[in-house]
Structure formats: C-alpha cells, structure tokens
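Reading the structure
For reference, the chains in residue letters:
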Amino acid sequence: MLLKELSPKIYDALNQQVEMEAASSQYYLAMASWAEVQGYNGVAQFLYRHSDEERAHMLKLLKFINERGGHGLVPALKQPTVKFKNIHAIFEHVFSHELLVSKEINNLVDMCLKEKDYATHNFLQWYVTEQIEEERLARHILDKLKLIGEDKGGLYIFDRDLATLDTNDRH
C-alpha cells in the first residue's frame, strides 16, 4: 500500500466525523421539511441543498477512510428535532451547529498533527476551509434576519431570496 494506514485513534475520529456529517445532513433535512410545511419554500430549498452538501461531505470522509486502508462506517442516526419555533430559531440552530462542526474539525486537525498523520491533515484542510464558508454563510443569514425582525414582507423577500442563494462548495 502506498499510503500509510490510519492509526486506530485517527480511524475512530474520522468515523466519528462521518457520523457528525451524516447527522448534519439529517438535521438540515428535518429543518427543510419543517420550513416547507410552514410555507417557507425558499428556506426549504436552501436547507434541502444544504442537506445534500452535508451528505457529500460525509461521503468524502467515508471514501477517504476506505482509501487509507480503513473501513468507513455508515452510522445509525438518532431522529433530529422536527419542530422549530420560527425561521430565526432555525438559523440560530444552523449557526450553532456549524460552530460545533468547526470545533470537531479543528480537534481532528490537531489530532493529526500530534499523530504525525500529515496526509490526513492535508485532506482535512478542505474541511477547515469549508467550515469558514459555512460559518460565514450562517452568520450572514442571521444578520439579514436580525435586520428583518418579524416584518412579514421582509420574511417573504428573505424566503424568496434564499431559494436562489448559492450554497455550492467553492473549493
């Protein structure tokens, strides 16, 4: 094998991150479904796309584990929350969740440095960059919602605009 195999510690941590990314996908899917039922079709479209992206992030990790001689494990997931107070609460959850994911990615990067697993460290840099973008996007959306407040016209325009907001990974 050309690549160094994963240490047990890195292997376990990467599979935990697979679970986090899978849970993130489910979390966004649950929020999308709630938004759609509430009539926020633009928010729902945005969150459905975001759910798909999180699944792609999970698959990228899973395939990396397999390529490095491990076995990417498909996790069993708990049902995410399915009821939300309002759109503001949804995006506060999104922001908090992205901060948590960033923290876990940073912990993984730190672990790779300590284990001298530079290949995995290099691979994880994509996730570091992605999390910067995810946090920026969530913060930007929260800022817009703070400006809108509870104004129904503003929420209508926000919902319409979110339908076309680009969430594609740019790197």
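A brief report on the enclosed structure follows.

Scoring rules and cut-offs
Residues numbered from 1 in each chain as written. Predicted model: local features only at pLDDT ≥ 70, side-chain atom pairs only at ≥ 80, totals over all residues. Heavy atoms only, no water. Helix = DSSP H or I, 4+ residues; strand = E, 2+ residues; numbered from the N terminus. Buried < 20%, exposed > 50% of the residue type's maximum accessible area, 1.4 Å probe, protein only. Contact = heavy atoms within 4.5 Å. Areas by Shrake-Rupley, 256 points an atom, 1.4 Å probe, with all protein chains shown as cover. Lys, Arg positive; Asp, Glu negative; His and termini not counted. Salt bridge = Lys/Arg side-chain N within 4 Å of Asp/Glu carboxyl O.

1. Here we look at the overall build of the protein chain
Helix and strand content of the protein chain: five helices and zero strands. Counted from the first residue to the last, the protein chain has its helices and strands arranged as α-α-α-α-α. Dimensions of the protein chain along its principal axes, counting C-alpha atoms only, are 60 × 25 × 20 Å. For the protein chain, the residues scored as buried account for 46% of the 171 residues in total. Counting contacts in the protein chain only where the partners sit at least 6 residues apart, residues at least 24 apart contribute 81% of the total. A total of about 9,500 Å² of accessible surface is found on the protein chain, and carbon and sulfur atoms cover 55% of it.

2. Details of the side chain of Glu 21
Inspection of the secondary structure assignment puts Glu 21 in helix α1 (residues 8-37). In this structure Glu 21 is buried but unpaired, with Lys 60 as the nearest side chain of opposite charge at 11 Å. Leaving out residues up to four positions away in the same chain, Glu 21 has contacts with Glu 54, His 57, Met 58, Leu 61, Val 101, Ile 105 and Tyr 127.

3. Notes on the pattern of salt bridges
Using the criterion set out here, one finds three salt bridges in the structure. The shortest N-O distance in the salt bridge between Arg 68 and Asp 117 comes to 3.6 Å. On the criterion of sequence distance, the pair formed by Arg 68 in the loop between α2 (41-67) and α3 (87-115) and Asp 117 in the loop between α3 and α4 (118-148) is long-range, its members being 49 residues apart. Like Asp 117, Arg 68 is buried. A salt bridge links Lys 114 to Asp 110; the shortest N-O distance between them is 3.0 Å. With Lys 114 and Asp 110 both in helix α3, this residue pair falls four residues apart, about one helical turn. Residue Lys 114 is classed as exposed on the basis of its relative accessible area, which comes to 64%. Asp 110 sits in the partly exposed class, given a relative accessible area of 36%.

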